[in-house]
Amino acid sequence: MSNKINLTKIDVKFNNKLTNRKDTIGIVLHHLDANNAGIKEVHQWHLKQGWEGIGYHFIVRFNGVIEWSRGIDTFGIHTLNNNHNTIGIAFEGKYEELKSMPDEQFKSGVELIKYVKSHYHKNLTVKQHKDYRATACPGRYFPFTKMLEEVNNKNNNTNVNQTINQMINNEIHKVVKGDTLYSLSKMYNITVKDLQIINDKGSSTNIKIGDKLRVSLDNEKIYKGLKIGLDNSPLYASSDAKTKTRNITGGFWIWNDKIVNERIRITNSLSNVGKANQITGWINVNSIK
Ligand SMILES: [Zn+2]
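Being a predicted model, the structure only gives us computed values, none of them experimental. (Residues numbered from 1 in each chain as written. Predicted model: local features only at pLDDT ≥ 70, side-chain atom pairs only at ≥ 80, totals over all residues.)

1. So, the nonpolar core
- Ranked by internal contacts, the top residues of the largest apolar core, which has 26 residues, are I27, F58, I59, I89 and L112.
- Contributing elements (two or more residues each) for this core: β2 (26-31), α1 (39-48), β3 (58-60), β4 (66-68), β5 (86-91) and α2 (103-119).
- Residue contributions to this core peak at five residues, all from α2.
- With residues up to four places along the chain from it excluded, the contact list for F58 reads I66, E67, W68, I89 and L112.
- Of all hydrophobic cores here, the second largest spans 17 residues; its members include L181, Y188, I197 and W253. (Core = buried A, V, L, I, M, F, W, Y, C linked by C-beta atoms within 7 Å. Buried ≥ 20, exposed ≤ 12 C-beta atoms within 10 Å, placed from the backbone. Helix = DSSP H or I, 4+ residues; strand = E, 2+ residues; numbered from the N terminus. Contact = placed C-beta atoms within 7 Å.)

2. Thoughts on the packing of α2 against helix α3 (residues 144-152)
- The geometry of α2 relative to α3 is characterised by a closest axis approach of 9 Å and an angle of 50° between their N-to-C directions. Viewed along their axes, α2 and α3 adopt a mutual orientation that is oblique. As α2 runs across α3, the sense of the crossing is right-handed. Facing F106, G109, V110, I113 and K114 of α2, the residues of α3 in contact are M147, E150 and V151.
- In terms of residue class, the contact of α2 with α3 is made up of five nonpolar, one polar and two charged. (Axes fitted to C-alpha atoms, helices over the stretch in contact; angles between N-to-C directions. Parallel < 35°, antiparallel > 145°, perpendicular 65-115°, else oblique. Left-handed = near helix turned anticlockwise from the far one by under 90°. Nonpolar A, V, L, I, M, F, W, Y, C, P; charged D, E, K, R; others polar.)

3. Comments concerning the sheet that holds β4
- Strand order in the open sheet formed by six strands is β1-β4-β3-β5-β2-β6, with mixed pairing between adjacent strands. The strands lining the two open edges of the sheet, one partner per strand, are β1 (7-9) and β6 (125-128). Ignoring strand direction, the axes of neighbouring strands in this sheet form an average angle of 25°.
- Bridge analysis of β3 against β5 gives three bridges, and the strand direction is parallel. In the sheet register, I59 faces β5, and the bridge partner there is A90. (Pairing = 2+ DSSP bridges.)

4. Thoughts on unusual backbone geometry
- With an omega of 10°, the peptide bond between C137 and P138 qualifies as cis.
- Positioned with a positive phi, D33 is a non-glycine residue whose angle comes to about 55°.
- Residue position: D33 is located in the loop between β2 and α1.
- Under the C-beta neighbour-count criterion, D33 is labelled partly exposed, with 19 such atoms within 10 Å.
- Here N232, not a glycine, exhibits a phi torsion of approximately 55°, which is positive.

5. Things to note about α1
- Among all positions in α1, only I39, V42, H43 and H46 are buried. The arc that holds every buried residue of α1, seen down its axis, measures 110°, which confines them to one face.
- Where α1 is buried, its residues meet β3 and β4. (Arc of directions from axis to C-beta.)

6. Structural notes on the pairing of strand β12 (residues 281-284)
- Across two bridges, strand β9 (residues 227-236) lies against β12 in antiparallel orientation. The partner of L235 across the bridge, within β12, is I283.

7. Remarks on the domain arrangement of the protein
- Domains assigned within the protein are domain 1 (7-163), domain 2 (172-214) and domain 3 (227-287).
- With centres defined by C-alpha atoms, the gap from domain 1 to domain 2 works out at 26 Å.
- Counting residues at the interface gives seven residues for domain 1, matched by six residues for domain 2.
- Breaking the side of domain 1 that touches domain 2 down by element, the ones donating at least two residues are β1 and α4 (160-163).
- By residue number, the principal contributor to the side of domain 1 that touches domain 2 is β1, which donates three residues.
- The residue inventory of the side of domain 1 that touches domain 2, partitioned by class, reads two nonpolar, three polar and two charged. (Domains from an automatic or database assignment.)

8. Quick notes on the environment of K9
- Along the chain, the position of K9 falls in strand β1.
- Owing to 19 C-beta atoms within 10 Å, K9 belongs among the partly exposed residues under this scheme.
- The sequence separation of K9 and P143 amounts to 134 residues, and the corresponding C-alpha distance is 26 Å.
- Residues in contact with K9, not counting those within four places in the same chain, are W68, S69, M187, Y188 and N189.

9. Here's the deal with the sheet that holds β12
- Strand order around the closed barrel formed by four strands is β9-β10-β11-β12, with antiparallel pairing between neighbours. Averaged over all pairs of adjacent strands, the angle between strand axes in this sheet comes to 60°, irrespective of strand direction.
- Examined bridge by bridge, strand β11 (residues 263-267) and β12 share four bridges and lie antiparallel to one another. Each residue of the ladder has a partner; that of R263, found in β12, is N284.

Right under this line is the structure:
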């Protein structure tokens, strides 16, 4: 069995700040009771419920791709009375009708469950939604027994610990064998260029096992290489100049992310980011919308 997890972050906007669980006792398996849906679609459905957004931690697609957007440690919304201590994994499909699960989806489900167990502790329970309450979910044809057998199969030697170690919740990825900036860009839905910029790599694509890379722009309003639009904003010759040199308008880039006296340096093209003598000047941080 393959032990490469095919994981893709889907960026969605939650209505509330997500909070973390204090406790984790188990994994709850669901089906979507729908075809052709992933995080994007389900996020919309759940917003319409008045929720903060997608309630599951993961959705395993028919093709084996595992989508996620809420951090693994956050409170999910998927199993009434147990959201505070469980992780919700949903499978694309209607397993009340669909009699067999595609191989890719099954394998990804197994790998993901093994990963989550190893991330917390081996004794994490794996149950179906219907074990918690009166529901058909995840459907009568969901291959639960077979999946559990495969999860517990000791001969099925997997490297899940290495696969996505610095999980998902935070914005740091620890590089493992096989990672490339390109594969990370797909995994975290960020461009290679942005990965290079926020990790101070210039145009280099070299990474090595054990490197800790920043992989998200989400939590940073201002970062080196960020493109900004200015509209008649005061420009200064230094961080402590008393008077502005002029006002500027148009597209600029943050030269580096050091803020001094609430001011930051900008430059006039992406290729000048971080380069000596290529500073247009200083602007007030609050000029950045
Ligand atoms: Zn369910």
